[in-house]
Amino acid sequence: MSCGTCLMVCPREALSVVSGCYALVDSLRCIGCGKCAKVCPASCISIFRREAAAG
Amino acid sequence: MKQQKQHWYDYLWIWSILYFSLGFFNILFAWLGMLDFFLPLLFAIFGGNKFFCNHMCGRGQLYMKLGMKLKWSRNRPTPRWMYAKWFRWGFLAFFMAMFGNMVFQTYLVGAGAASLRQSVQLFWSFRLPWHWAYSAVGVPDWVAQYSFGFYSVMLTSLLIGLVLMVLFKPRSWCAFCPMGTMTQGICKARVKLKGKVSAPVEAGKTE
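Residues numbered from 1 in each chain as written. Chains lettered and ligands numbered in written order. Predicted model: local features only at pLDDT ≥ 70, side-chain atom pairs only at ≥ 80, totals over all residues. Heavy atoms only, no water.

Asker: Would you explain the overall build of chain B in this entry?
Answerer: Broken down by element type, chain B carries seven helices and three strands. The helix and strand sequence of chain B, counted from the amino end, reads α-α-α-α-α-β-β-α-α-β. Relative to the compact-globule value of 17 Å for 207 residues, chain B shows a C-alpha radius of gyration of 18 Å, a close match. With respect to the three principal axes, the spread of C-alpha positions in chain B is 55 × 45 × 35 Å. Counting every position in chain B, which comprises 207 residues, the buried fraction comes to 47%. For chain B, the proportion of contacts with a sequence separation of at least 24, taken over those separated by at least 6, is 80%. Each charge class in chain B can be summarised by its mean position, and for the 22 positive and 5 negative side chains these summaries are 12 Å apart. (Helix = DSSP H or I, 4+ residues; strand = E, 2+ residues; numbered from the N terminus. Rg over C-alpha atoms; globule rule 2.2 N^0.38 Å. Buried < 20%, exposed > 50% of the residue type's maximum accessible area, 1.4 Å probe, protein only. Contact = heavy atoms within 4.5 Å. Lys, Arg positive; Asp, Glu negative; His and termini not counted. Charge placed at Lys NZ, Arg CZ, Asp CG, Glu CD.)

Written out as structure tokens, the structure reads:
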């Protein structure tokens, strides 16, 4: 839907809407707080846990 | 935690409140709502983005203020069918049909075939008296008729959005907002035609 609600809540400005078509997450900026997923009215965003790198 | 940089357009929720307040006292202010119709289309057609929805929608900001800040929203998931393609495009078609009907009513009043109705029609069905907001001075009847019609559309969608804000997520209205469906359709068509995506829309820059 690209309504941009996720942009409003992201504390790290890690999200952007590309060409009015979809939301893009900058994985380098994202801290995985999940605020965007919580507010998305179309449940477009999911949060996945990453395994810690071994060693 | 780092706070987002504030922009002038982050305060457009105040404009939304102001718009509905002004229309309560003088219905002719309803014409200002045309900005909410044209700006998203201009951004989509010429910029290929949804900058209006993303950053300038006063209504969306208002729902967030009420739903998140004041915690009026239950924050439950929006029902799937509300953001399904068939419903979004179906609602747009319904909305445009009702809009067309409103424009036709304005034409009838302008042509002298119907008389001015000084009322606001909620949910395309219920007429509310609104005569105090209009004194027949200096403007043709069709201008006033369009104001009543347009204010009805704006108030109806605001109320639907408010109910959805309380029941589901704050910006559940955006799931099937006709302007959002239209502008996204334009953006997608542009990408298809041009064969490339434009730069991401971030706060503070449009392209």
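Back to the write-up after that little detour.
Asker: Which parts of the structure should I look at to understand the overall build of chain A?
Answerer: Looking only at helices and strands, chain A has two helices and two strands in total. In chain A, the succession of α and β elements from N to C terminus is α-β-β-α. Seen through its C-alpha atoms, chain A measures out along the principal axes to roughly 40 × 20 × 20 Å. Sorting the 55 residues of chain A into buried and exposed places 47% on the buried side. Surface exposure of chain A reaches about 3,200 Å², of which carbon and sulfur atoms provide 53%. (Areas by Shrake-Rupley, 256 points an atom, 1.4 Å probe, with all protein chains shown as cover.)

Asker: Which parts of the structure should I look at to understand the side chain of S147 of chain B?
Answerer: As for its position among the elements, S147 of chain B is in helix α6 (residues 141-167). The residues touching S147 of chain B, leaving out its near neighbours within four places in the chain, are I27, L28, A30 and W31 of chain B.

Asker: What am I meant to see in the confidence of the model for chain B here?
Answerer: Any segment with low pLDDT has predicted coordinates that should not be analysed in fine detail. Residue and element names in this part refer to chain B. Here chain B averages 90 in pLDDT, and 92% of its residues register 70 or above. Predicted confidence in chain B is weakest over strand β3 (residues 200-201), with a mean pLDDT of 60, and strongest over helix α5 (residues 85-110), with 96. Here residues 203-207 scores under 50 on pLDDT; set against residues more than four positions off or in separate chains, the count is 15 contacts. This complex was scored by the predictor with a pTM of 0.88 and an ipTM of 0.84. (pLDDT = per-residue confidence, 0-100.)

Asker: Looking at this structure, how should I read the packing of aromatic side chains?
Answerer: The geometry of two aromatic rings is summed up by the distance between their centres and the angle between their planes. Residues and elements named next belong to chain B. This model, assessed by the stated rule, comprises 31 aromatic pairs over all chains. Aromatic pair W173 and F176: ring centres 5.2 Å apart, planes at 70°, arrangement edge-to-face. The pair W173 / F176 is uniform in exposure class, with both members buried. An aromatic cluster of three or more residues is present, and its members are W81, W86, F87, F91, F94, F95, W124, W173 and F176. (Phe/Tyr/Trp six-rings, centres within 6.5 Å; stacked < 30°, edge-to-face > 60°.)

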